[in-house]
Amino acid sequence: ADLSKLFLSVPPLPEQQKIASILASVDDVIETTQAQIEKLQDLKTATMNELLTKGIGHTEFKDSALGQIPESWEIKTIGELFEVLGRIGWRGYTVDDLRDSGVLVLGCTQISKKHKIDLSKPVYLSEEKYLESPDIMIETNDIILAKTGNTIGKLALIKDGLGRATINPNTVILRPKSKVQEFTYQALTSEEYQAKFWSFVAVGAQPSLNQQNIKSIKISLPPLPEQQKIASILTAMDEQIEQKQQKLAQTQSLKTALMQDLLTGTVRVEVDA
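Residues numbered from 1 in each chain as written. Predicted model: local features only at pLDDT ≥ 70, side-chain atom pairs only at ≥ 80, totals over all residues. Heavy atoms only, no water.

Q: Would you mind going over a nonpolar patch on the surface with me for this structure?
A: A cluster of nonpolar side chains, namely Val95, Leu98 and Val123, defines an oily patch on the protein surface of about 230 Å² accessible area. Looking at the element boundaries, leucine 98 is found in strand β5 (residues 98-99). Judged by its relative accessible area of 31%, leucine 98 falls in the partly exposed class. (Patch = residues over 30% accessible without salt bridge, like charges linked within 9 Å, V, L, I, M, F, W, Y side chains within 5 Å. Areas by Shrake-Rupley, 256 points an atom, 1.4 Å probe, with all protein chains shown as cover. Salt bridge = Lys/Arg side-chain N within 4 Å of Asp/Glu carboxyl O. Helix = DSSP H or I, 4+ residues; strand = E, 2+ residues; numbered from the N terminus. Buried < 20%, exposed > 50% of the residue type's maximum accessible area, 1.4 Å probe, protein only.)

Q: Help me out: how do you make sense of the packing of aromatic side chains in this one?
A: The relative placement of two aromatic rings is captured by the distance of their centres and the angle of their planes. Enumeration over the complete set of coordinates arrives at one aromatic pair. Centroid distance tryptophan 73 to phenylalanine 183: 6.5 Å. Interplanar angle 85°. Geometry classified as edge-to-face. Taken together, the residues tryptophan 73 in the loop between β2 (69-70) and β3 (74-77) and phenylalanine 183 in helix α4 (residues 181-188) connect sequence positions 110 residues apart. Both residues of the pair, tryptophan 73 and phenylalanine 183, count as buried. (Phe/Tyr/Trp six-rings, centres within 6.5 Å; stacked < 30°, edge-to-face > 60°.)

Q: How should the sheet that holds strand β8 (residues 143-146) be read in this particular structure?
A: Across a sheet, strands are paired by hydrogen bonds formed along the backbone, either parallel or antiparallel in direction. Sheet architecture is open: four strands sit in the order β4-β11-β8-β9, paired in antiparallel fashion. The open sheet has two edge strands with one neighbour each: β4 (82-86) and β9 (155-157). When strand polarity is set aside, the average angle formed by the axes of neighbouring strands in this sheet is 20°. Of the strands in this sheet, β4, β8, β9 and β11 (171-176) are in contact with α4, which crosses β9 at around 155°. (Pairing = 2+ DSSP bridges. Axes fitted to C-alpha atoms, helices over the stretch in contact; angles between N-to-C directions. Contact = heavy atoms within 4.5 Å.)

Following this line, the structure appears as structure tokens:
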């Protein structure tokens, strides 16, 4: 194509400069917000490493299978803290069991890289298939963990309001036997535990974790009041990061809309005489 024959609508120079200045100021907000998110994420990682190994205000430590831990902490396995529940054997399902609405099925696609439930691509299962397996009906405080494929280790803590849901064969439910889910969820999202999940995966095979592997993972566990304090500090940091990410998404949408309006002349800017 001969680009010299393309026509561009060009506003007068003062208006061009005003438009460029408006878009540049939006770019500044985007850059600042991105930098703030990165700083908060670094701070969360550092705080998490400190709190998950040294706790809050401890002066006495002891040796353990996981290195030095505070004197009052204990080592537990995931199998001791959680029931590990999967959709295995005859309980699998086929495309014929899927529906356009109804009962949610959570798989690796419904867990984001940020370890949250993401329902932008929901999958629904038939009522009959849901009722067939009562033990894997998802409950509040369950942790859903991806155990197959390149997303091994992604996990999400189930809050109130999800509605009726179950899991697909690529995920498992960690159902807490006591109130350990908030602390354990935060611990399992850390780099150290994400690496532990992958340490069980054989090279060259389709990556997969089995339930025995998952149950065997050891966690250093503070007494419940300290667990709750640590979890609430880390959850508050997650919320700050999430707010900044929402602001970033809104500002990026604003820039797209402004470009559409200002660069096509749909909206004109006033220039001081």
